[in-house]
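Examining the three-dimensional arrangement
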Amino acid sequence: MPLLQIEELNVSFPGLNGEIRAVSNSSLSIEAGEIRGIIGESGSGKSVFAQALLGLLSPTAKVSYDYFSFDNQLITPGNQHIVTQGSSIIFQDPDNSLNPSKTIGNQLHESLYLHHPHASKDFLKEQALSLLQDVGLSSPESLLGLYPHQFAAGVNQRIMIALALACSPKLLIADEATTNLDMTIQSQILELLTRLSQERGMAVLTITHDFSILTETTDTTSVMYCGYILETSSTETLLTHPKHPYTRALVNSIPQLGLVKKSRTHLYALPGSVPPADKIPVGCPLGPRCPRAGRECVKLPEMTHKDNHHFRCHFPIEFNLWEDQR
Amino acid sequence: MALYIDRFGEAKIIHPFQGLWHLYKLNNAAMFGLLILSIVVIVLILTPVFAPYEADRQFINALFSPPSWAKNGHIEYLFGTDELGRDIFSRVLIGGRTTISSAMLVILMASSVGVTLSLLGTSIGGWLDKSISWFFELLLTFPSLITSLLVVALLGPGLFNAVIAVAIAMIPLFYTTTRSETLNQMRQPYFAAAQLDGAKGLRLLTSTLIPNISNPIFIQFSLSLSSAILEIATLGFLGFGAQSPQTEWGTILGESRAYSYQAPWVIWLPGLSMFLTLFAIKLVTDGVRETLEYDQQLK
Amino acid sequence: MLFMSKQFIRLLVMLLGITLLDFIFFELAQSSNTLIPVSPLEYLSSYQQFLFQMFQGDFGTIHPSNEAILQQFFIKLPASLELIIPSILIAWLVGVPLAVMAVKKPLGWVDRIVQFLGSLIYSLPVFWWGLILLIIFSTGLEWFPVGGRLDYIYDIQTQTGSALIDTLLSTQSYANEAFFDALSRTFLPILTLAMLPTAYITLQIRSHLEETLQYDYMKSAKARGMSHSRIIWLHGLPNAIQPVLNSMSLQFSMLITSTIIVEFIYSWPGLGHWFLVLVQRQDYLALRGALMLIASAILLANTVTDILKYWSNPRLQR
């Protein structure tokens with residue numbers, strides 16, 4: 001039984017010229033302790049998807065799904081809080097992610113208190129210190145009385161993770177958590193997340209637009225475009241045998257260093273640009289831009305499942321990426 | 001020129017103002033304000049057509065006549081009459097003209113002095129600039145009413161003196177807004193780029209600086225319009241502004257204060273018109289500001 | 001500490017500037033009456049004399065009665081404070097909960113009503129509103145007395161200038177009655193005065209709160225299991241109040257303007273009313289001293305708000 005399973009999630013917002021469909025017909029399942037990835041360009045709906053799972057969207061959003069289960073419980077709009085309480089989320093910009101007017105000791109204390117309402121002050125303080133140490137911060141004692149603006153971005157991100165762990169979540173969502181960080185710090189944070197996942201049996205959902213992050217940490221990844229999850233498979237398969245043209249375009253656009261086939265010296269880009277959120281094409285969202293599109297593409301393709309490789313495409317790619325170029 | 005995609009998905013090139021107008025139309029409150037404001041403006045411009053009588057014409061046999069919709073009201077005195085038998089509707093219209101035109105005069109005077117001084121100051125720089133800005137900062141700590149009252153104390157009561165007083169009180173506001181915007185824009189990279197391109201002196205001022213500070217200054221203009229109206233009316237109400245027989249909204253309310261028990265319509269009808277005008281101005285200025293902000297966001 | 005001393009010095013410098021402006025004002029007023037050409041040196045010595053006088057506590061006297069300005073100032077001040085302090089309290093005590101209620105469900109009917117009423121009240125001219133209240137409640141329903149501080153039949157000695165305190169301190173037999181009479185007369189003026197600040201604070205806090213709630217840390221806090229109310233009150237508000245504190249001096253200006261008008265309408269013997277009478281009489285000598293005192297009070301209040309702003313914002317402390 002997967003830790004989290006959601007089928008056909010749809011999220012839309014009221015917009016200026018009609019509804020904006022941020023997420024459409026997207027399904028996801030995460031096993032306990034698994035590290036999953038979601039990759040997509042900016043505006044593909046990844047953040048909205050994550051926040052919809054946790055019930056963090058503004059009340060103006062319309063959220064609907066066919067099936068949603070978390071931790072062996074059926075989730076309805078009424079008991080959404082089960083998911084909210086069992087998960088945590090960390091964001092991209094540490095400046096915005098920590099309350100600037102409270103010390104981090106205060107913030108840690110508060111979150112821990114909510115999770116252990118009857119614990120003593122000393123116990124809570126101990127927990128806070130151990131959390132800070134867990135995320136790799138040395139001499140945590142001295143950090144408790146300081147404010148977020150007094151730390152560097154990398155340290156703030158670790159503090160964010162510590163805060164997120166305070167409620168012992170079963171699922172941690174990292175929404176572009178490393179995008180703003182320097183390369184070295186980025187890999188440190190990724191290592192930290194992997195270690196924490198293993199130690200605590202905690203599932204991690206990494207959301208990013210950078211493939212290199214996923215190859216390091218995740219086993220399975222989903223690809224999102226214009227609010228649709230188009231393909232889900234093991235990360236390796238996505239890189240070598242993508243079935244969906246969009247995935248292939250994504251993969252092809254990664255500049256490759258080192259050993260590379262001669263024919264892959266051009267960067268490949270799909271024609272056109274990502275459509276604005278209120279003008280998503282009918283049917284397959286990639287339709288107008290896809291080099292393999294045909295008449296069937298005005299109808300949304302069904303999700304095909306082929307030994308753990310799920311994709312929505314009428315004309316999937318059947319060959320190995322490395323062997324053939326088209 | 002801006003690109004606009006209409007309902008049918010076709011792209012058209014339209015003038016930027018048209019685009020802003022489309023955005024503005026979506027704001028219900030702002031459109032309502034605009035409607036009311038247009039009515040006010042039309043009525044005030046066409047006062048000679050709308051006002052049945054002169055402001056100071058007294059109808060001796062119709063003192064304290066209630067509004068036309070009340071029990072003893074007469075239709076020829078739409079809003080009723082006051083203690084001297086003057087038709088309130090005409091007084092409201094004529095007084096409104098006085099108040100609003102005085103307010104516009106105030107804004108014109110205050111902004112020209114304030115903006116010019118500020119631009120001069122920032123271009124010249126040095127200790128002159130610093131001392132002038134310090135002087136205006138000091139003035140700004142006072143509520144504008146106190147400053148205008150002081151000027152009126154020097155000059156004596158009267159409408160023209162009140163206009164000068166309120167204008168002097170509003171100069172610091174225009175000065176500081178212009179100055180902070182100017183300093184802000186001067187720090188921007190494009191400013192340095194323009195200077196490197198060779199622009200200097202007057203050209204730098206007119207083609208580089210002024211177009212970019214005109215937005216906030218315009219917003220300050222419109223915000224100050226309602227303040228100016230209020231200030232002029234307040235001075236009139238307190239007895240320092242327009243004096244009888246001059247008609248001005250504040251003066252009307254001030255004079256009729258003593259009779260508010262016998263004839264409450266003398267108070268609440270003129271006041272209501274003033275309030276509606278101010279409210280409409282506020283809705284419109286808020287709407288314009290939101291439209292401009294939204295437009296920026298879309299970019 | 002360094003900050004406090006800097007603020008204090010700034011206050012002194014501004015006070016000095018005000019004395020200069022005040023002096024110029026007085027000279028301008030005088031010169032319109034007499035045309036004696038005076039050399040710059042004489043101006044300087046007059047200015048010096050002016051400063052010395054103030055140091056000794058002599059701020060001039062009012063023309064006909066020869067009462068000392070300084071004394072009058074401190075008698076009228078408590079009467080104004082009787083109106084100002086409750087208004088500020090009402091503004092915050094009513095404004096903050098209203099803003100929170102409005103923000104809980106953005107664009108819900110509570111929110112729409114609050115925003116609409118707020119803009120409405122904010123554009124209400126104070127003097128019109130005061131008169132309307134008078135008409136409805138005093139002359140109309142006769143719930144409250146029409147004006148003045150205390151009924152004439154009570155002869156209460158003026159000790160502090162605040163009628164509420166004076167009636168309590170009085171030893172007369174009708175002291176308690178007088179107290180309630182004074183109290184009843186405070187209702188309408190405070191209601192009039194408090195309207196504008198309340199509307200302002202409600203609208204401002206609501207808008208900043210809405211902005212703050214969009215920030216990521218609100219979402220992560222919610223994901224950590226914090227209830228919505230807790231987030232709004234303990235996390236959202238402290239951050240939303242910041243910008244409002246920054247505009248405190250603007251609010252204070254608005255409040256002073258309204259106080260002058262309210263005191264005029266209700267014949268309230270406070271500083272505003274006093275100032276208006278002096279302006280009307282064109283008593284320049286009295287105005288010179290009165291202006292100094294009123295300006296100092298305003299500057300002091302501004303400095304206090306600046307210090308408050310600094311203390312409440314941890315970011316400014318580094």
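For clarity, every value in this text was computed on a predicted model and none was experimentally measured.

With that settled, the discussion passes to the pairing of strand β1 (residues 4-15) of chain A. Consecutive side chains along a regular strand alternate between the two faces of the sheet. All names here are of chain A. Here 4 bridges tie β1 to strand β5 (residues 67-70), and the two strands are oriented antiparallel to one another. For Leu4, the partnering residue across the bridge sits in β5 and is Phe70. Alignment of β1 against strand β2 (residues 18-30), held across 9 bridges, turns out to be antiparallel. In the sheet register, Val11 faces β2, and the bridge partner there is Val23. Pairing of β1 with strand β4 (residues 62-64), which is carried by 3 bridges, proceeds in the antiparallel orientation. Across the sheet, Ser12 pairs through a bridge with Lys62, a residue of β4.

Take the pattern of salt bridges next. Pairs can form between side chains of opposite charge once their charged atoms are near each other. Across all of its chains, the model carries 16 salt bridges over all chains by this definition. Residue Asp134 of chain A is joined to Arg200 of chain A by a salt bridge in which the shortest nitrogen-to-oxygen separation is 2.7 Å. Placement of the pair is Asp134 of chain A in helix α5 (residues 121-134) and Arg200 of chain A in helix α7 (residues 183-200), with a sequence separation of 66 residues. For Arg86 of chain B, the salt bridge goes to Glu255 of chain B, with nearest N and O atoms at 3.5 Å. Of the two residues, Arg86 of chain B sits in the loop between α3 (47-50) and α4 (88-124) while Glu255 of chain B sits in helix α10 (residues 249-255), which places them 169 residues apart along the sequence. Taking relative accessible area as the criterion, Glu255 of chain B reaches 24% and is therefore assigned partly exposed. Connected via shared salt-bridge partners are Arg86, Arg91 and Glu255 of chain B.

Next up on the list: the domain arrangement of chain A. Put simply, an interface is often sized by how much accessible area is lost when its parts join up. All names here are of chain A. Parsing chain A into structural domains produces domain 1 (4-86 + 169-323) and domain 2 (100-168). Computed over C-alpha atoms only, the centres of domain 1 and domain 2 are separated by 31 Å. The partner domain 2 presents 12 residues to the 16 residues of domain 1 that form the contact. Broken down residue by residue, the surface that domain 1 buries against domain 2 is led by Pro169, Leu192 and Arg200, which jointly contribute 39%. At the junction of domain 1 with domain 2, the criterion picks out 1 salt bridge. On the surface where domain 1 and domain 2 come into contact, there are 4 residue pairs in polar contact (both at pLDDT 80 or more). The greatest single-element share of the side of domain 1 that touches domain 2, amounting to 9 residues, is contributed by α7.

Attention shifts here to unusual backbone geometry. All names here are of chain A. Positive phi values are uncommon outside glycine, yet Asn72 reaches one of about 65 degrees. You can see Asn72 is positioned in the loop between β5 and β6 (73-74). The class of Asn72 is exposed, set by a relative accessible area of 59%. Although it is not a glycine, Ser168 sits at a positive phi angle of roughly 45 degrees. Here Ser168 is to be found in the loop between α6 (153-165) and β8 (171-175). For Ser168, a relative accessible area of 45% puts it in the partly exposed group.

All names here are of chain B. Looking at chain B as a whole, its pLDDT mean stands at 81, while 94% of the residues score no less than 70. By mean pLDDT, strand β1 (residues 2-5) is the weakest element of chain B at 60, and helix α7 (residues 159-186) is the strongest at 89. Prediction confidence for the complex, expressed as pTM and ipTM, is 0.81 and 0.83 respectively.

Definitions and cut-offs
- Per chain, the residues get numbers from 1 upward, laid out in the order the sequence is written.
- Chain A is the first chain written and ligand 1 is the first ligand written, with later ones labelled in order.
- Totals for whole chains, interfaces and linings use all residues, but because this is a predicted model, local features are given only for residues with pLDDT of at least 70 and pairs of side-chain atoms are given and counted only at 80 or more.
- Note that water and hydrogens are dropped before the side-chain values are worked out from all heavy atoms of the structure.
- We call two strands paired when DSSP finds no fewer than two bridges between them.
- Numbering of helices and strands starts at the N terminus; helices are DSSP runs of H or I of at least 4 residues and strands are runs of E of at least 2.
- The salt bridge definition used is simple: a Lys or Arg side-chain nitrogen within 4 Å of an Asp or Glu carboxyl oxygen.
- Think of it in three bands: residues with accessible area under 20% of the maximum for their type are buried, residues over 50% are exposed, and the middle band is partly exposed, with areas taken using a 1.4 Å probe on protein chains only.
- Each domain's extent was defined by an automatic or database domain assignment.
- Contacts between residues were defined by any pair of non-hydrogen atoms, one from each residue, lying within 4.5 Å.
- By buried area we mean the combined loss of accessible area, with a 1.4 Å probe, across both parts when two parts are placed together.
- Under this definition, polar contacts are N or O atom pairs within 3.5 Å; protein pairs additionally need one hydrogen-donor-capable and one acceptor-capable atom, and for neighbouring residues in sequence, both atoms have to be side-chain atoms.
- The predictor's confidence in any single residue is recorded as pLDDT, a number from 0 to 100.

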